[in-house]
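# Structure at a glance
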Amino acid sequence: MNTRGLRSQLKDSVPVTGMGQHIGAYGVQDTLRSGFSSVKNELLPSHALELSEKNFQLNQDKMNFSTLRNIQGLHAPLKLQMEYRAARQIQRLPFLQSSHLALDTLKGNDESISFEDILNDPAQSEMVGEPHIMVEYKLGLM
Amino acid sequence: MATLSVCQPQLGGFSFENCKRNAVLEAEVTKLGCNIPAARKTGTTICGVVFKDGLVLGADTRATEGMIVADKNCSKIHYISPNIYCCGAGTAADTEMTTQIISSNLELHSLSTSRLPRVATANRMLKQMLFRYQGHIGAALVLGGVDCNGPHLYSIYPHGSTDKLPYVTMGSGSLAAMAVFEDRYKQDMEEEDAKRLVRDAIAAGIFNDLGSGSNIDLCVITKGRVDYLRPHDMANKKGVRTGNYKYKQGTTGVLTKSVIKLDLEVVEETVQTMDTS
């Protein structure tokens, strides 16, 4: 799992994009949740863990694949990524809940429980994404 | 135009939405001179000791919320697996949720390997999770169990470092308990000696530390047997009132007595059958 040190994590980690503002109702920025809009709010995370948690899964995958490449050669991560890509295509439209069963089985997430499964379950979220925009974004038409 | 957070589906896990708002609120409140409510901690004495055939875990039972005792008899020894138990100090919610998550993961793991789980596995899972959250999850744990390699005792700190030792103490009363251990610990003790040693160490924490109090819970784990003694020792029993302020019958003399009968007439009578199937 997380066996490599912090320094090597930084080398292979995912680059940081800006912290998006929370858009509340009526398309206006949600001042109650995210505070007044300022450059500092856009660039800096609101909590020390926000960045590392947002990219945690991606960072883990990057680390694992680079370790695998160093040990077994380029073919190992390529084959695995091909399988992940195939399994990732088996899902419903983006605004509906898909179970990701094949992807979870490949990654081994079907045999572990963490805070992603307990807190903020997306199936129970109170807000539904805007269907048209989400599908357009997924298809790359935006 | 809608931003990225709307286009992509929501992920589970911790949500940092309200952190900025909380920081602003905290700044405002401290300017006015009030305090934000404190999380419930277990400011505790927990300890463990390895003896000849197994190990003994001990804990006090007080949970505090700032300066107030929130729970006089809370249970700090959590179940991880049939042969592994874990004492938790620090923020009460963090220790409970962490031990429950690790217990579930260990159960799934043991079903997948069809073997009794090892203490080192639980230790590794806990330390990786706590390191991932960089100490923001305030859970200081004493993990102990007996597996195929014998009895093992680990102490796990909130930032993710662990120590494997024959006797450990954690919590606000850890220094008092460690003083007792350093004085009287011997290798390969008998079970009764080990129980008495842990009981005395927790009692030292209870009587010398404000954050610990009430009763002493013990958990004795040996190969094939777990004794969860709750409470093992009620060190702080609530006092019994010695005086009685009730007046005896006949203390006051009766001058007059009048009985008024209330005539009630039945107006309506309905029967409702209850479905007791």
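Residues numbered from 1 in each chain as written. Chains lettered and ligands numbered in written order. Predicted model: local features only at pLDDT ≥ 70, side-chain atom pairs only at ≥ 80, totals over all residues. Heavy atoms only, no water.

### Brief notes about the overall build of chain B
Scanning chain B for helices and strands turns up six helices and twelve strands. Projected onto the principal axes, the alpha-carbon positions of chain B cover approximately 80 × 70 × 60 Å. For chain B, with 277 residues in total, the buried portion stands at 41%. Here the analysis covers contacts within chain B between residues at least 6 apart in sequence; of these, 61% occur between residues at least 24 apart. Looking at chain B as shown, the accessible area adds up to about 16,900 Å², and 53% of this sits on carbon and sulfur atoms. Mean positive and mean negative side-chain charge positions of chain B (30 and 29 charges, respectively) differ by 4 Å. (Helix = DSSP H or I, 4+ residues; strand = E, 2+ residues; numbered from the N terminus. Buried < 20%, exposed > 50% of the residue type's maximum accessible area, 1.4 Å probe, protein only. Contact = heavy atoms within 4.5 Å. Areas by Shrake-Rupley, 256 points an atom, 1.4 Å probe, with all protein chains shown as cover. Lys, Arg positive; Asp, Glu negative; His and termini not counted. Charge placed at Lys NZ, Arg CZ, Asp CG, Glu CD.)

### Looking at the pattern of salt bridges
Residue and element names in this part refer to chain B. Per the counting criterion, the structure on display carries 14 salt bridges over all chains. Taking the shortest distance from any N to any O, the salt bridge between Glu 192 and Lys 195 comes out at 3.8 Å. With Glu 192 and Lys 195 both in helix H6 (residues 191–208), this residue pair falls three residues apart, about one helical turn. The class for Glu 192 is partly exposed, based on a relative accessible area of 47%. For Arg 199, the salt bridge identified is with Asp 200, shortest N-O distance 2.9 Å. A network of salt bridges, in which partner residues are shared, links Arg 184, Arg 199, Asp 200 and Asp 233. (Salt bridge = Lys/Arg side-chain N within 4 Å of Asp/Glu carboxyl O.)

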